[in-house]
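Results of the structural survey
So the chains spell out like this:
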Amino acid sequence: ENPCCSFPCQNGGVCMTMGHDNYLCDCANTGYYGDYCETATFWQGLKNLLRPHPDTTNHLLTDPGYKWIWDVINNIPFLHSVLMRLIYLLRAEMVDSPAVYTSAHTYVTFEAAANTSYFMRGLPPVPTDCPTPMGVAGKSELPDVDYLVERLFRRHTFTAETYGSNLLFTFFAQHFTHMFFKTDVNRGAGFTWGGHGVDVSHIYGPEKDTENKLRAFKDGRLKTQTINGEEWPPLISQSPVKMLYPANVPREKQFAIGHEFFGLLPGLFVYATIWLREHNRVCDVLKSVHPEWDDEQLFQTAKLVILGETIKIVVEDYVQHLSRYNFKLTFEPELLFGQSFQYQNRISVEFNHLYHWHPLMPDRFNISGRLYEMPEFLFNTDVALEHGLTTMVDSFARQPAGKMTYHNHANVTLEVAKDTILQGRQLRLQPLNEYRKKFRLHPHTSFGDLTDDREIAEDLERLYGDIDAVEFYVGLMVEAHRPNSMFGPTIIEVGGPFSVKGLMSNPICSPKYWRPSTFGGDVGFDIIKTASLKKLFCRNLKGECPPVSFSVP
Ligand code: HEM
Ligand SMILES: COC(=O)[C@@H](C)c1ccc(-c2ccccc2)c(F)c1
């Protein structure tokens, strides 16, 4: 058997087989040494002393008892900037850049860096010639997936998200992440057809041809149609882009949106419409300042402003909400100028899997008193037009999201959960505990340490046999949440680095882009710097603006 199957090398050391029975741990550039890279060098030891355990950091940042400290720090610009820069750098450094692994190789390849059809891998696949599917731990067979989904995921009664997250949050998560989580099902789970970052392809299309079909080619604007006095996305008859609708949706009810899958839910349609209106609004603002500009310059510049607004809102509204930090998170690319930072990103398959937040979805939707069961809501292209956008937003703002935990998958999403586990097996993802170690968390020592539900702990023990054999997605879904947190520690400590790196490594954050002239002067730059979720909606809705935020009012 392959001696690297037990993942013997610690602290980022690389396991290299030496003949059929031996191995070597390559500790180069890790700050550690020894047979297993287990001993810290002097400087690494010092750094380790200065860096509190992630659970401690999270506690300090989220526990209400310390809120007053952060209220002070948030108002001391110098101190706030130092800490914000630290978060950027400490999170981003945990993400390999350039990418080193693909799902097809257990060793470093140039292909990993060069071939963007691959999702990146945070950890290489489990070698194929190992005693068990998870390396050496656990049984020779992994648990039956159907049993796992029924036993762990099926929702019995809806559990609301602890801190009041609403459906605006749920649909924002789905809408935003589908911009870069685009598994190329034809090639397999390790492949993507997406663009590896915040490229706003979900608004403008995945490539130039779609973008050209969505454009009006007048004043920089995107095509719209007016229905009941409101602007909406065009129909595919006006913009013949590829859209995935089921056969029961007639063509004259099929809308043209930047992402082919966004006919799936009215929540995605609402966000697509809001961003479409915002793009056209920005074009009008830019045109008033630059009457000399042609359609192309107005379009390209508005697109850059929309991209900037997206990252601003994701950092300061969305991640601020889900991290539950009392420290104010800010989008300030200038903090990284002069630092060693790579403005490049690669989406990893582990980030994709950990972001399968289907439990956030309710079983039915309450649109101003009218209840829609899931089957009636899916691919429904009438509901938003019937109620009007303002009512849709108001209803989503008031409806609670589901909690990201076990026994909370709506029926219609059970199949997806099953798919995710199967894909994890196909991709030979390493056990949850190996990811915890890579992201500086202690490995779980027992099933009781992993989940707070005793019956599930006993059941998983019987199924997996060893805590070191628990699979990635299954482990994430049952993991006990941290106090004051929406998720388990592994989702936060693994998702955090991928999220922060993906946001701050965007080209517009680099010194050559991040300046007024890129965005049409201060007018465009200020739209980005003052963007917020509330403004995004309230500037683009008719009538009185609903209570827009990511929490129920
Ligand atoms: C009723 C609501 C939803 C339905 C019916 C649904 C359905 C699906 C389906 C059918 C897939 C493809 C599954 C596969 O074959 O791999 C998928 C993928 C995915 N879903 Fe959902 N989903 C819903 C809500 C959400 C939400 C709220 C999120 C939150 C982030 C989310 C995140 C994802 C992600 C990250 C993927 C992987 C996409 C890819 O790699 O191509 N989904 N979903
Ligand atoms: C991890 O600490 C951080 O850096 C904070 C700011 C942070 C950042 C990002 C996330 C995050 C995790 C999973 C998916 C999306 C975002 C998160 F949960 C926390």
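Residues numbered from 1 in each chain as written. Chains lettered and ligands numbered in written order. Predicted model: local features only at pLDDT ≥ 70, side-chain atom pairs only at ≥ 80, totals over all residues. Heavy atoms only, no water.

**Overview of the site of ligand 1**
Near ligand 1, the surroundings consist of 19 residues, among which Thr183, Asn352, His358, Asp419 and Gln423 are the closest. Between ligand 1 and Phe181 there is a distance of 3.4 Å, counted from an oxygen atom to a backbone nitrogen or oxygen. In this structure the site holding ligand 1 corresponds to the second largest pocket. Breaking the shell around ligand 1 down by element, the ones donating at least two residues are helix 7 (167–177) and helix 16 (414–426). With four residues, helix 7 is the single largest residue contributor to the shell around ligand 1. (Near = heavy atom within 4 Å. Polar contact = N/O pair within 3.5 Å; in protein donor to acceptor, adjacent residues only side chain to side chain. 1 Å grid on protein atoms, 1.4 Å probe; cavity = no way out; pocket = protein on both sides within 12 Å on 5 of 7 lines; lining within 4 Å. Sits in = over half its atoms within 2 Å of the grid points. Helix = DSSP H or I, 4+ residues; strand = E, 2+ residues; numbered from the N terminus.)

**Regarding the layout of surface pockets**
Approximately 1,800 Å³ is the volume attributed to the largest pocket. Around the largest pocket, the lining is made up of 49 residues, and of these Gln10, Asn11, Gly12, Gly13 and Lys438 lie nearest the centre. Where the lining of the largest pocket is concerned, the elements lending two or more residues are strand 1 (14–18), helix 1 (42–50) and helix 17 (432–438). Per-element accounting of the lining of the largest pocket gives the leading share, four residues, to strand 1. Taken together, the residues of the lining of the largest pocket sort by class into 23 nonpolar, 16 polar and 10 charged. Its volume calculated, the second largest pocket comes out at about 1,200 Å³. His178, Phe181, His259, Phe261 and Val416 are the residues nearest the centre of the second largest pocket, which is lined by 43 residues in total. (Points joined across faces, edges and corners; volume = space filled by probe spheres on them. Nonpolar A, V, L, I, M, F, W, Y, C, P; charged D, E, K, R; others polar.)

**Regarding the site of ligand 2**
Near ligand 2, the surroundings consist of 15 residues, among which Arg91, Leu322, Tyr325, Tyr355 and Ile492 are the closest. Interatomic distance of 3.2 Å between a side-chain N/O atom of Arg91 and an oxygen atom of ligand 2. Tyr325 is positioned with one of its side-chain polar atoms (N or O) 2.7 Å from an oxygen atom of ligand 2. Within the complex, 99% of the 440 Å² of free accessible area of ligand 2 lies under protein. Of all elements in the fold, only helix 4 (77–92), helix 11 (295–323) and helix 21 (489–504) reach the threshold of two or more residues within the shell around ligand 2. Considering every element that reaches the shell around ligand 2, the biggest residue donor is helix 21, with six residues. In terms of residue class, the shell around ligand 2 is made up of 10 nonpolar, four polar and one charged. (Areas by Shrake-Rupley, 256 points an atom, 1.4 Å probe, with all protein chains shown as cover.)

**Some details on the coordination of the iron atom of ligand 1**
Among all protein atoms, only His358 (NE2) binds the iron atom of ligand 1, sitting 2.2 Å from it. Checked against the element boundaries, His358 lands in the loop between helix 12 (349–354) and strand 7 (364–367). (Donors = N, O, S within 2.8 Å, 3.2 Å for Na, K, Ca; no water.)

**What about the state of the cysteines?**
Tallying each qualifying case throughout the model produces five disulfides. Between the sulfur atoms of Cys5 and its disulfide mate Cys130 the distance is 2.0 Å. The S-S bond linking Cys5 to Cys130 shows a torsion near -90 degrees; that makes this disulfide left-handed. On the criterion of sequence distance, the pair formed by Cys5 in the segment before strand 1 and Cys130 in the loop between helix 5 (110–114) and helix 6 (145–153) is long-range, its members being 125 residues apart. With a relative accessible area of 0%, Cys5 lands in the buried category. Given a relative accessible area of 15%, Cys130 falls into the buried group. Note on cysteine connectivity: Cys538 is disulfide-linked to Cys545, with sulfurs 1.9 Å apart. Of note, the bridge from Cys538 to Cys545 carries an S-S torsion of about -80 degrees and is left-handed in sense. On the basis of relative accessibility, which here comes to 28%, the residue Cys538 falls in the partly exposed class. Each disulfide in the protein chain links cysteines that, numbered along the sequence, combine into the pattern 1-4, 2-8, 3-5, 6-7, 9-10. (Disulfide = S-S within 2.5 Å. Buried < 20%, exposed > 50% of the residue type's maximum accessible area, 1.4 Å probe, protein only.)

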